[in-house]
Structure formats: C-alpha cells, structure tokens
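Below are the chains, spelled out letter by letter.
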Amino acid sequence: MSKYPFSEIELKWQAYWEEHKTFRAAEDPAVPKDKRRYVLDMFPYPSGQGLHVGHPEGYTATDIYCRYLRMAGYNVLHPMGFDAFGLPAENYAIKTGTHPAITTAANIAKFRSQIKALGFSYDWDREVDTSSEDYYQWTQWIFLQLYKKGLAYEAESPINFCPSCKTGLANEEVKDGLCERCGEKVVRKRIRQWILKITAYADKLLEDLDTLDWPEPVKLMQRNWIGRSEGANVVFKVAGTTTQVPSPKSQVPSIEVYTTRPDTLFGATYMVLAPEHPLVSVITTPEQKAAVAAYLDEAARKSDLERTDLAKEKTGVFTGAYAQNPVNGENIPIWIADYVLASYGTGAIMAVPAHDERDWAFAKKFGLPIVQVVDGGRGTGDGDPSPTECTTADGWAVNSGPFTGLPTAEAKVKVTAWLEERGLGRKAVNYKLRDWIFSRQRYWGEPIPVVHCERCGIVPLPESALPLRLPAVTSYAPTGTGESPLSLMSDWVNTTCPACGGPAKRETNTMPQWAGSCWYYLRYLDPHNGSAFAAPDKIAYWTPVDLYVGGVEHAVLHLLYSRFWHKVLYDLGLVPTKEPFQRLVNQGMILGEDNQKMSKSRGNVINPDDIVRTYGADSMRVYEMFMGPLEVSKPWMTAGLVGVQRFLERVWAISEKVESGGRGALGESGVGSGESQEDAASDSKSQVPSPQLKLLHQTIKKVTQDTASLNFNTAISQMMIYSNELAKLPAVPRALWEPFVQLLSPYAPHLGEELWERLGHSGSVSQSPWPAWDEALCAAQEILIVVQVNGRVRDKFSCPPDTPRAALEEKAQALPGVRKWTDGAAVARVITVPGKLVNIVLKEGGMS
C-alpha cells in the first residue's frame, strides 16, 4: 500500500485550479435567480503575522458549502479580498520608515499564498484591495453621495482620543475604556471631525432587522446599540442661584431633558448636567467655579464607557444654581456628573432617585432628597416618606398631584399631555445610537475628497477629480494636534477651490478603516469597472449576499456600518435591496490547546503553514470542520488532527482496491455510453452487496442534508462510518466508491480531485453533478431491539421500524432468552422505547 502523498497532490491540484480558472463565476442569464448563490467571507486585514488556524475555520466552511452548491447545479459567486487600510501598517511605517503600501503589499502576498495553500475555491479574478486607488476612488465617490444627501458633516465635538495612536476613535472602537487597537487608556478631547449621520437611519436599521436570517444575539446587540426609546422632552427653567424663584421679567435660561418616565416628574429632586453641557459655564456661581473647573478636567480624562459604568462610584459637583420643577414648582439643585453624557439625549437629566439606581446612588452619596412617586400597590397612599431601596418597576403613581392613582402607562401619557398643553414639554423619541465619528488623524486611509475655501466654505471635489490620491509624506507620525501627517504636506494641502477657483486647503483627516469594508461586497461584483462601483445588471444578478460568515465581534461595527451605507445606496436607487446580507453565520472561535484564546503572549498560536506542511491542507480542513458545530468555540487538539489524517490515509488505501470495471451508479458521471442513469442504478443494485448499497444511500442523504445546513462535523462522521465499512471489503465496487469520492471532494478537495482522476475522469470533480439518494434504500428495513429484564440485557430481536408498541412487548416477552428469567415471576411493568429497547421490570422478589 502506497503512502498518501498529500504534498505532491495538493500542489498539483492548486496549480490546476489556477490554470483553468475552475472557480471563476460568470453572470449567466440562463441561470434562474433561485439557482444563484452569493457566499461571502468577512475579508481579512492582512497583518504581518499572517493567518493562524482560527482564520481558515469560516473560510473552510464557506468553501465546502460553495463546492457542494456548484455540484448541486447552482451558479456560485465566492470571492476574496483584503481590508488593507489600517493602523498596524501605519504604526510599522512610523517605526521603520517603510511606506505602509509596501508593508501592506507584502502582507497581502503572504495571506494570498496561505489561503491558496488551503485549496479554497475563490474566484481570484475578483480580488479587491481597499487601499488600491481603483478601489478607494469609489469609497470616496460614495462619501460624496453621503455628503450631497446631507449625511456627512463637519463639527467640533468631544470624542474618544487615543494618546498613543494620536487619533480619534468611534465609541465602538473603545473596549473597557481602552483603545481597541493598542490597549492605551482613552481620553476625551474636543477636535474637528467629519461625522456621518447614521442616526437618520436609526428606525430603518431597527425595522429591517426583522427581515434578516441572523443569529438572534447579533440582532439584539444591534437593537440595544441603536437603543430606541419613547418618552418626553421636559423643560426646566433655571431658577437662579438660590431656592427663590426669579423675577418674571428676567431672562431665564432653561434646561431641556429627555426622560422615558415622565410619570415620575413629581419625584425629580435634583438635576444633573453633563460636564460638556453649554450651560455649565453660564449657571455656575462664582463660589463654585473652582470646584467645577477641577471636576471638568477630571471628567475629560475618562471615556464614555468609564463614565457610564454602573459599578463605579458616583462623582459630581454642585453648580450653585437651581431649576424649577415644571409640575410642582419646586426649586431643585443643578449638579454636574460624568455619568451623564452630552451625546445622549440633551446632555441633561432630571434625577428621580427613588426610581433610578444611578440617581439613587448619587443622592445617597451627596445627601439629596428622595421622594417615592411610584408604588407597587394601587396608588392609594402617599408612598413611603423614607424609602429604603430604589424601585424601578412600573406601578401606580403616588405623591403625584392630580395623577396620583394612575397606572404607570396611563400616567406617562397624561403627564406628557399636561406638559404639551402648557408648553413645558412634548412627546419624544430618543436613541442611544450616536452619529458616526468618521475621520481619523492618520495617514494610511482614504483621503476625504473635499476642500476648505475661505469664500465658499466646504466644497466637495467633482467626481471627475477622483481618486484623490494619498501623497508621499516625509513622516507618518501623527501630529497629536488634531491634524494628520497630511497637514504637513503644504504642496498637497494648498490647492484651488473647484467652485470659485480661489485658494483652498484640502481636508487632511482621512477615513477610518471601516470605510472600505462598508461596501466591498459590491465591488466584488464588478471589480475592474472604471466608470461605476459596479454595473447595475451585475448588482441585480447577485445581490443580496445569501450567506455571510464571520466573527460575532463585528456585530455593532462593520455590520451596522455596512447596513447604513447600503440603505443610503438603496435610497439613491443604486442597489435593488434594502439589506446587504440576508443570512449571517458567526463561526465559533478556535482556542489553543490550553482552552484559551490564541495569542502570541500565551504561546499557544498554531501556524497553519506548519499544519499544512506536516499533515496536509485537506487534513486541516477536515479536522477544523470535525471539531464540533461551526458556531461553537472549541479547543485545538493535535491528537484529533492526527485522527483525521488517518481517516484520509484510509480513504487513500481503499482507493487502491477499487474494482476497475463498471461505471458509477449515480449521476451522469457514473453512466456508461448508451446507458441511462436509471439503467445504471438498476444494474448497480444487482451487482453491489445490499448492506453496503443501503449504507451508501444513507450516507449520500446524510452528507447532503448536513452540508446544506452547515452541519459539517456530522457529515464527516457519516463519511468515516461509510469508509470503515468499505475498508472491510476485499475489493470495492466502483458503484460504491465513485459517489463517495464526490461526497468527500468538497471537504478534502485535493484528495477528491486525485481520486476522481484515478477513476478515469477528465476535468474537475467539482464540475460533476452531486450524487442523489434513493429514499427506498435509505429506509431501515429492520431495526434491532434490545430486550432487558430488570435493566439487564437478556435477548435481542429484529423488526420493522414502525412495529407498534404492543407488538414489541409481546415479541419481547416470548423470546426464549427472556422467558428464562421471567417464567414464574410477576411482571410489575414493561418499559418500551420504540425503535430501541423493551425493559421488563419484575415485581419485588421476582428473578433478576
């Protein structure tokens, strides 16, 4: 028996696929819409470390699925590309002086080589690189459409700022108060930024989640991130610096707050402003200015996540000013606290400590009044004058003037109406979602295609001027002043205004890495088009993406941003669907052998190059799918990989005893000249041993259904069972072997191709039709029933699978091996599990 030469075979077939462009996709109009599939992997950022074994898990899953679909008669688009802009390449450039484009190109070459070595069936003619000029020209073009639609604007705003990366970060890029990229503690800083108005699409982003076949946890994360709530905006007039109401003739500033609980207004005993609120400097008294200034400085050093952490101790400072509660006329103190954000609602809150846990903690710390206004009873009393705990649940209004006794839902409506009648408030809808901080103070990103003109203001470049290319710079280091390294390139910055022809300056901020990944799935459709981001007929042919596979970590980053851009393009009539990705699957994480997340610091990273070199690409592919369900995280176990390699070696060994005569029984490839498929199948049934033929059809059915539903581990298990049975035969009939080779080929494509060729076929096995099963042969004609007496096996018998319970029990009790133990004993009960066993339980004192 010759050893399975995986290294030689894998190189051979990778070269064949590349030479013949085996997996090139074309827009064949003869293929109906329901026989087209667009299957997409989340494309990688090409880091210098290359792939680790976790990366190919999702790629392998989609590759198996795509190979199966092609053989099942589908026209499949399965592309790959690279998300090439990003901080790591720029940070490397800062350290070494190497241009990020050079580093990125080298990294892409490494990634491409590693991906091809695993035998994935991508259409490489459609490869994209988000940092290439012919790609980011269209990223810039889409930005201009956003700008023209009023969805891109410039503003100076407080942002998350990383002192190490020296750039602004979106809220989504801050994890536990730290920069997602470098781990540095994030601070707050006011800076000039470009912002995208994603909030304009908040309702559409929420509503259309219901139309998607996505994991419920991901949809819940997006719903929570968008955070839609209904309530009321309420106006509190500033009452001066004492508890006295100011003169009606004086100019009175007011503070507007948003609340989801207008029914609790009578329990508002103080107000809180965000440190950034514009009224802070207006209403703070001279006596409190020093304390307020110190507190503002302290708050500026914290990220939004730190400030809103429910577990942290509450901090704050009194402004010295008061506001008038609009429902009862009482003056309440105005405080400043960092747990209130300027970016949420109005940047001010009314504090109801009896019914809000944060307000309760704050009031307890600073000795502020607590008044109960919601009771779990029927609202007939005055409530607890000294509540001992915060209650946030609905109930009935107490201590609430004319609204006392109303249930919470009704009180909300009536209090809001009362405020509207008096011009003191109005019904409102609010969102946690903030507009997207879009610009970065870095070099390695898409230039923003606008200029600043003293006469005209902000002027977009004409579309004919795109792409606006990144210039060469002498230093890649961020300036840390709020401007990118581009600001130092005076020859590039100073330009002319496209509107008036006067002097102007280019925008020096660049786009974030998310920009290129917002729409890459569309560029795959027509990657070489120089006149549009993609031709309309190609967009209509393939979209939406039928299956999108990637990590759950992108739930509120890339996925939300892509949905936003796609909806804008839909409203502009440029794409035919409201959503980009119809079905989403999140693969689980592959952990190290120590059950920890793979990382260089833990020393548990597995390099796929080493695995391919030692065990072969097919072994790695099959092992990663055999580890467990796709969506579940699981630890890498080299011992399991060895077992899978043995399985493939056994398949190779079986191939050496396949009978040379005859043709396969299933599919056109197994039909001899002048012989119909039906005749060939009938002929094979008369030649092939019955048990193996039945197992073959059961295997075809199982593998087909499991592959179609992405349950790859159980499909592999069934193929292992079948191969074990074939291994027992002294010679393997071709009719039993050829369909198995086709079933195996999506999972172990190199081996599948080699075995297909050895069967005498020309061309790729991926272009052969998928085998079909005969349902009559799949049904188990008889099953084995185990019979127990008092839980111990005493006999067995075979019967049809649909045998009634009564007949099973009668047959079991008549068996000689059972009667030996039951004759003369009284039966207490009979436990029957149809299709499995009959257990006869004897009365106490009976035989056992």
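Residues numbered from 1 in each chain as written. Predicted model: local features only at pLDDT ≥ 70, side-chain atom pairs only at ≥ 80, totals over all residues. Heavy atoms only, no water.

> Could you give an account of the confidence of the model for the chain, naming the residues involved and the relevant values?
A low pLDDT score tells you not to read the predicted coordinates there in detail. When pLDDT is averaged along the chain, the result is 90, and 93% of the positions lie at 70 or above. In this model, residues 663-686 is a region of pLDDT below 50 whose contacts with residues beyond four sequence positions or in other chains number 44 contacts. (pLDDT = per-residue confidence, 0-100. Contact = heavy atoms within 4.5 Å.)

> Go over unusual backbone geometry with me, naming the residues and quoting the values.
The omega torsion across leucine 466 and proline 467 is 0°, close enough to zero to call that bond cis. Turning to its location among the elements, proline 467 is positioned in the loop between strand E19 (457-460) and helix H13 (490-493). A cis amide bond, omega 0°, links threonine 543 with the succeeding residue proline 544. As for its placement among the helices and strands, proline 544 is situated in the loop between helix H16 (536-542) and strand E22 (547-550). Non-glycine residue asparagine 399 carries a positive phi angle of around 50°. Note that asparagine 399 resides in the loop between strand E15 (396-397) and helix H12 (408-421). Unusually for a residue other than glycine, asparagine 595 sits at a positive phi of about 70°. Within the secondary structure layout, asparagine 595 lies in the loop between strand E24 (590-591) and helix H18 (608-615). (Helix = DSSP H or I, 4+ residues; strand = E, 2+ residues; numbered from the N terminus.)

> Quick rundown of the sheet that holds E19? Include the residues and the values.
If you walk across this open sheet you meet the four strands as E19-E18-E21-E20, and the pairing is antiparallel. The open sheet has two edge strands with one neighbour each: E19 and strand E20 (494-496). In this sheet, adjacent strand axes meet at a mean angle of 40° when their direction is disregarded. (Pairing = 2+ DSSP bridges. Axes fitted to C-alpha atoms, helices over the stretch in contact; angles between N-to-C directions.)

> Summarise the nonpolar core; cite the residues concerned and give the values.
Ranked by size, the top nonpolar core spans 148 residues in total, and within it Phe143, Trp436, Trp565 and Trp737 carry the most contacts. Looking at this core element by element, the count peaks at eight residues for helix H2 (residues 55-71). Apart from the residues within four sequence positions on either side, tryptophan 565 is in contact with Thr139, Ile142, Leu146, Leu196, Trp436, Phe438, Ala515, Cys518 and Trp519. One finds Ile283, Tyr295, Ala354 and Leu406 within the second-largest nonpolar core, a separate group that totals 50 residues. (Core = buried A, V, L, I, M, F, W, Y, C linked by side-chain atoms within 4.5 Å. Buried < 20%, exposed > 50% of the residue type's maximum accessible area, 1.4 Å probe, protein only.)

> Can you tell me about empty space enclosed by the protein, naming the residues and giving the values?
In this structure the tally under the stated criterion is two cavities of 30 Å³ or more. Computed from the structure, the largest cavity encloses a volume of approximately 170 Å³. Lining of the largest cavity is provided by 17 residues; of these, Gly86, Leu87, Arg440, Pro512 and Gln513 occupy positions nearest its centre. Of all the secondary-structure elements, those providing two or more residues to the lining of the largest cavity are helix H3 (87-96) and strand E4 (167-169). Looking at the lining of the largest cavity residue by residue, the classes come out as six nonpolar, five polar and six charged. (1 Å grid on protein atoms, 1.4 Å probe; cavity = no way out; pocket = protein on both sides within 12 Å on 5 of 7 lines; lining within 4 Å. Points joined across faces, edges and corners; volume = space filled by probe spheres on them. Nonpolar A, V, L, I, M, F, W, Y, C, P; charged D, E, K, R; others polar.)

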